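A look at the structure
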Amino acid sequence: MGRVLVTGGKGFLGTHLVRRLLADGQEVRVFAHRGSKQGEASTDGKCEVQWGDIRHFSDVEQAVKGVEKVFHLISNFRKGGSDKADAYAVNVEGTQNVLNAAKKYGVGRVVHCSTIGVHGDVQAIPAHEETPFNPTDLYQETKLMAEQYVWKFHQETGLPISVVRPISLYGPEDLRMLKLFRTIKKRQFIYIGPGKVLFHPAYIDDVIEGFLLCASHEKAVGEAFIIGGDGYLPLHDLVDRIAAQLQVPAPSLHIPLRPVEWLAGLCESVCTPLGVEPPLHKRRVSFFKNNRAFSIEKVKRVLGYAPRVSLEEGLKRTIRWYEDHELL
Ligand SMILES: NC(=O)c1ccc[n+]([C@@H]2O[C@H](COP(=O)([O-])OP(=O)(O)OC[C@H]3O[C@@H](n4cnc5c(N)ncnc54)[C@H](OP(=O)(O)O)[C@@H]3O)[C@@H](O)[C@H]2O)c1
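Residues numbered from 1 in each chain as written. Predicted model: local features only at pLDDT ≥ 70, side-chain atom pairs only at ≥ 80, totals over all residues. Heavy atoms only, no water.

Turning our eyes to something else, we now look at the pairing of strand E4 (residues 69-72). With burial as the criterion, each face of E4 is covered, one bearing Lys 69 and Phe 71 and the other bearing Val 70 and His 72. Sheet topology note: the strand E1 (residues 4-7)/E4 ladder contains four bridges and is parallel. Along E4, the bridge assignment pairs Thr 7 with His 72. Relative to strand E5 (residues 109-113), E4 runs parallel, the two sharing four bridges. Bridge assignment links Phe 71 to a residue of E5, and that residue is Val 111. (Buried < 20%, exposed > 50% of the residue type's maximum accessible area, 1.4 Å probe, protein only. Helix = DSSP H or I, 4+ residues; strand = E, 2+ residues; numbered from the N terminus. Pairing = 2+ DSSP bridges.)

Put into structure tokens, the structure is as follows:
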């Protein structure tokens, strides 16, 4: 395989993907913001880095020129708030830039990273690729707009594209789920609501395998795949398992969902016009409210995907990494 571009190659998913591609002997180019720090130690010096902003076509063009495949992972994922213009520019226009450049320079395959969030608050479980879209926040809405643009572009131009909708990722180096582990460890975890909502964990290494299959399998072209772990479980079950591995008592405090949801809405409506990231936002509350339960039957059947890391093992590896880095 020729050179591969990973946009967002210094983010959580990107770092793991780049490391795996390098281990497989691939020539890798990373497209990243100047100042992106995550993953630097493990991949810097081993691959070419093209600094730039996904919102600028000229930057993207430079990155895409001369590569055979593109994994497009950049999004404004970590920003939970409500900067509409930024979410649109990064998630939608950034994707448009990548596709236009890929077409211009004859890229052989694009793997576009979407999210299960396009299905939003799932009503009938498990959700699958054909489950109606139901985005519930700005991030999910703009990720859906990006994915819809991808399909239109694919149909109009024939550019070979696959879409991955990863389920909720966890694993070493993830700093998003760290909060959950940390509050459990510090015995500060409080359920918002009953904790019966379903959660579907996806261990990072398994999802990386799925991305690689989408980049190489002929049957992946023109298709979307939900990719993640083998099963889902009630949130309280996940929390209990983490607590057991951390050797602390299982949390049991609950506060009602509705007032917190109302407060999150209020925080967003006050902070957004001021351009401030809200301390509490609806997306965070949705962790305790929206069911995340998905079928990975399609990717198993079509691409032969098989998740290998059990939840127990994945939690163990994740906790070990947090402890080794003194994050817990
Ligand atoms: N993590 C999950 O559970 C999950 C689940 C489903 C889907 N996804 C998708 O997976 C992809 C990767 O997520 P992740 O967890 O790896 O998030 P991440 O760590 O935040 O990675 C995203 C990367 O995009 C970069 N970026 C943001 N705006 C940019 C811009 N304007 N120009 C250039 N780079 C920019 C960020 O750089 P800075 O940090 O410097 O801003 C970051 O390195 C995203 O598309 C996300 O939607 C993630």
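Grouped together as the largest cluster of nonpolar side chains are 72 residues, with contacts concentrated most on Val 6, Leu 13, Phe 71, Leu 180, Ile 184 and Phe 211. Per element, the largest residue contribution to this core is seven residues, and it comes from helix H7 (residues 204-216). Apart from the residues within four sequence positions on either side, Val 6 is in contact with Gly 14, Leu 17, Val 18, Leu 21, Val 28, Arg 29, Val 30, Phe 31, Phe 71 and Leu 73. Grouped together as the second largest cluster of nonpolar side chains are 23 residues, Leu 5, Ile 74, Val 107 and Val 110 included. (Core = buried A, V, L, I, M, F, W, Y, C linked by side-chain atoms within 4.5 Å. Contact = heavy atoms within 4.5 Å.)

On to the packing of helix H4 (residues 84-104) against helix H5 (residues 138-157), then. Where H4 meets H5, the closest approach of the two axes is 9 Å, and the angle between their N-to-C directions is 20°. On the basis of their axis angle, the class for H4 and H5 is roughly parallel. The handedness of the crossing between H4 and H5 is right-handed. Between H4 and H5, the contacting residues are Lys 84, Ala 87, Tyr 88, Asn 91, Val 92, Thr 95, Gln 96, Leu 99, Asn 100 and Lys 103 on the first element and Leu 138, Tyr 139, Thr 142, Lys 143, Met 145, Ala 146, Tyr 149, Val 150, Phe 153 and Thr 157 on the second. Partitioning the contact of H4 with H5 into residue classes produces 11 nonpolar, six polar and three charged. (Axes fitted to C-alpha atoms, helices over the stretch in contact; angles between N-to-C directions. Parallel < 35°, antiparallel > 145°, perpendicular 65-115°, else oblique. Left-handed = near helix turned anticlockwise from the far one by under 90°. Nonpolar A, V, L, I, M, F, W, Y, C, P; charged D, E, K, R; others polar.)

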